[in-house]
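Letter by letter, the chains look like this.
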Amino acid sequence: RNVRDKAEEALNATRTAGRDVLAVGDTLRISFPLKPEWNTSVRVHADGRAAFPLVDEVQVAGLTIAELDTRLSALYAERNFENSDKLTVELLSG
């Protein structure tokens, strides 16, 4: 990546770091350290929902990153996916 890309990435991180609540149009990265093939990026749709691997659509607009992390961990645990508590959610852009 060039310097401009790095600067833009840093600016986006600064913009999103202070925001508490997820909103329509946000892009999220979901990572599964023990199942990297499940890692994905998703966008929050106009209805406030986002589609995740193996658990379908989830209402995310209005949630904090921590709340979404907890909700997704619970959904994956309900479906008996091992190490669902290890997943991470990151806001890429908004």
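What you see is a predicted model, and the numbers here were worked out from it, not measured in a lab. (Residues numbered from 1 in each chain as written. Predicted model: local features only at pLDDT ≥ 70, side-chain atom pairs only at ≥ 80, totals over all residues. Heavy atoms only, no water.)

Q: Help me get a handle on the environment of aspartate 56, residues and values and all.
A: Among the structural elements, aspartate 56 can be located in strand E4 (residues 56–59). Residue classification places aspartate 56 among the exposed residues on the basis of a relative accessible area of 57%. When the C-alpha atoms of aspartate 56 and leucine 75 are compared, they prove to be 9.9 Å apart, with 19 residues separating the residues in sequence. The residues touching aspartate 56, leaving out its near neighbours within four places in the chain, are Ala50 and Ala51. (Helix = DSSP H or I, 4+ residues; strand = E, 2+ residues; numbered from the N terminus. Buried < 20%, exposed > 50% of the residue type's maximum accessible area, 1.4 Å probe, protein only. Contact = heavy atoms within 4.5 Å.)

Q: So what about the pattern of salt bridges? Which residues, and what values?
A: A complete count under the given rule lists 4 salt bridges for this structure. In this structure, the salt-bridge partner of lysine 35 is glutamate 37, at a minimum N-O distance of 3.9 Å. By relative accessible area, which is 58% here, glutamate 37 ends up exposed. Taking the shortest distance from any N to any O, the salt bridge between arginine 49 and glutamate 57 comes out at 3.3 Å. On the basis of relative accessible area, arginine 49 is assigned to the partly exposed category, the value being 28%. (Salt bridge = Lys/Arg side-chain N within 4 Å of Asp/Glu carboxyl O.)

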